[in-house]
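Here are the chains, one letter per residue:
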Amino acid sequence: MKNNKLDVENRIYHDILIEDKSTIKIDQKKRISEAKGKPDYELENKFWCFLVDLGFVTKINTSRQCQIIFNKDDINDPNKNESYDIDIVCETDDFRIYIESSEQQQITTKINDTIKKFETYSRLLYDEGINAVNDGDSKNLLQIFHTNQTVSENSKNKLKNKKIIFFPDIVLDYFIGLSKKYKKLAYYQLLHFLFPMKLARGLKTITKPAIISKDKLGQYFVFNISPYEIIRFCTVPNRKLSSADTGVSKSYQRLIDNTKLSGIQDYIINDGQFPTNLILNFNEKVNLKQVSGQKKKHFVEIDIEPKYGLINVIDGQHRLFAYIDDYLGKNNKEVNSEELLKKSKNHELTIIAYNDIPVKSQIETFVTVNEKQKPVSKNLLWDLYPEIYEKDHSEYFKVPISNLVKKLNTEKDSALFHNIKYPSAPYGSKSGPIDLNSFCSQIESLNFLGKKDLNGRYKPMFNNKLGTKPDKFEASFYNCISLFFNTSKELSSLALYFVPCGKPNTAESSHVLLGNKALALVNHIGLSTVESR
């Protein structure tokens, strides 16, 4: 057991770190104001504000300099200790980081001075057994040098040898951009960048049964796992981080698409799941053992250690990260975030995970998957919507649109009879000149029948002005739009082959153009009719 003197000597004190979030927010405004016109302060403040805005900070200095005190021989005697001013000291539940920022042009000199400063207390961060003394926490601790200047390879190596993370300002820009889209994901990616292959404190190794196999790229495992169990350890290599790499770029993925993520989150909340597998790579060899009592060698158990950056997502990043309990939609954010957390724990994903294949092979797989896969036909999707969406589904508004257009194609007295093509269409219209997708998309964009939470412009009109009962609206609207096309066909021979500007055109483009014009006219005539009543 350590004596009191050692306990006192081997501690770092940060007496001015602030915990109160309201105080931090007030001081943030003050810092922004004070930093204007002071380049060095503005650079430092850029990092400080990023950390605060992420929303995970539990303690941080709010004054420009944070004094840290260490090696105290006597707690009550300030003369018997050492101290330094650090630009930023920040704590979250996962880490405490010490940051020095500089835009000084003589950057090599600044780096050498910073290394000397950091060395005086670095043993208290990295010596085994010391971390447990530091406030009794179990955080990952780290020193960071942040700059917007060009740094030589020699200086980068010096920082690396002293276990100091070099943090170029362009990398900070990447994290700021990601945090504006998805804060929680940005925080997880920051953990991977700062603590690659370091254990997440307090979390246990996960053991999963798996099938082991091999292809030309290397050994891989197939297994099921809940998103909740692996999200924190999965990273998305992004090309915007390649400037921080040397040699072969480790960054091949694209930045997260917020719109796509939001749509997938709604799908998950409505209890949608994914039958297709995700493709991952373990960035270090995982431990595996034969399943007890199982004779077949391809059945194994693998140990997944809770390490930051352990897993690269090669394909399926949006499907995986949509499970993060940070709802991106505008409505019921707290409720929906809680629902995502539940789904993350209860759903299972099928994983194909390579066992530490080279970065070049990961890039090859990423390119192959994204170059060769064929997108689902939108014609097919519009055809399927009536089969898959129930009335309580957020996308149900697409069902009446699809049904309306299909009816125009199948009713014998319709001017568009057998002129609209889609997979389940009657034989006579399988090669019709009008795509189901083109027609349905136009109706959706003009908001005739509604979009998600919107009623559509004609439903209130038919109900309030024409006295149409709600359950009769779709039939009445069909009669209206069918009458328009039938009348147009009778009045003009242009209904089948339209020649714009006197130039010949094909039947397909003629119908598309005519359909677009017709829908615009229906919109105009409908509004004019109601206004005149």
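The structure under discussion appears in the preceding block.
Residues numbered from 1 in each chain as written. Predicted model: local features only at pLDDT ≥ 70, side-chain atom pairs only at ≥ 80, totals over all residues. Heavy atoms only, no water.

When you go through the protein residue by residue, the secondary structure sums to 18 helices and 19 strands. Long-range contacts, defined here as pairs at least 24 residues apart, represent 68% of the contacts in the protein between residues at least 6 apart. (Helix = DSSP H or I, 4+ residues; strand = E, 2+ residues; numbered from the N terminus. Contact = heavy atoms within 4.5 Å.)

A word on the packing of aromatic side chains. For any pair of aromatic rings, geometry is given as the distance between the ring centres together with the angle between the planes. Evaluated as defined, the whole model comprises 25 aromatic pairs. Between Phe 167 and Phe 193, the ring centres sit 5.2 Å apart and the planes meet at 70°, which makes this aromatic pair edge-to-face. Within this pair, whereas Phe 167 is found in strand E9 (residues 164-168), its partner Phe 193 is found in helix H7 (residues 183-194), the two being separated by 26 residues in sequence. Each ring, one from Tyr 267 and one from Phe 274, has its centre 5.5 Å from the other, and the planes form 45°; the classification is tilted. On the accessibility criterion, Tyr 267 (36% relative accessible area) is partly exposed. Within the aromatic cluster, the residues linked to one another by ring pairs are Phe 47, Phe 50, Phe 167, Tyr 174, Phe 175 and Phe 193. It is Lys 345 that lies over the ring of Tyr 228; its NZ or CZ is 5.0 Å from the centre. The residue whose ring lies beneath Lys 407 is Tyr 478, and the NZ or CZ to ring-centre distance is 4.5 Å. (Phe/Tyr/Trp six-rings, centres within 6.5 Å; stacked < 30°, edge-to-face > 60°. Buried < 20%, exposed > 50% of the residue type's maximum accessible area, 1.4 Å probe, protein only. Lys NZ or Arg CZ within 6 Å of the ring centre and 35° of its normal.)

Attention now goes to helix H3 (residues 39-54). Given a rise of 1.5 Å per residue, 16 residues ought to cover 22 Å, and the 23 Å separating the end C-alpha atoms of H3 matches this to within 8%. Residues of H3 that are buried: Tyr 41, Leu 43, Glu 44, Asn 45, Phe 47, Trp 48, Cys 49, Phe 50, Leu 51, Val 52 and Leu 54. Gly 55 sits one or two residues past H3 and shows a positive phi near 95°. (Expected span 1.5 Å × (residues − 1).)

In this section: the environment of Asn 312. Mapped onto the elements of the fold, Asn 312 is located in strand E16 (residues 311-315). Sequence spacing of Asn 312 and Phe 282 is 30 residues, and the spatial spacing of their C-alpha atoms is 6.6 Å. At a separation of 2.9 Å, a polar atom in the side chain of Asn 312 contacts the side chain of Gln 362. (Polar contact = N/O pair within 3.5 Å; in protein donor to acceptor, adjacent residues only side chain to side chain.)

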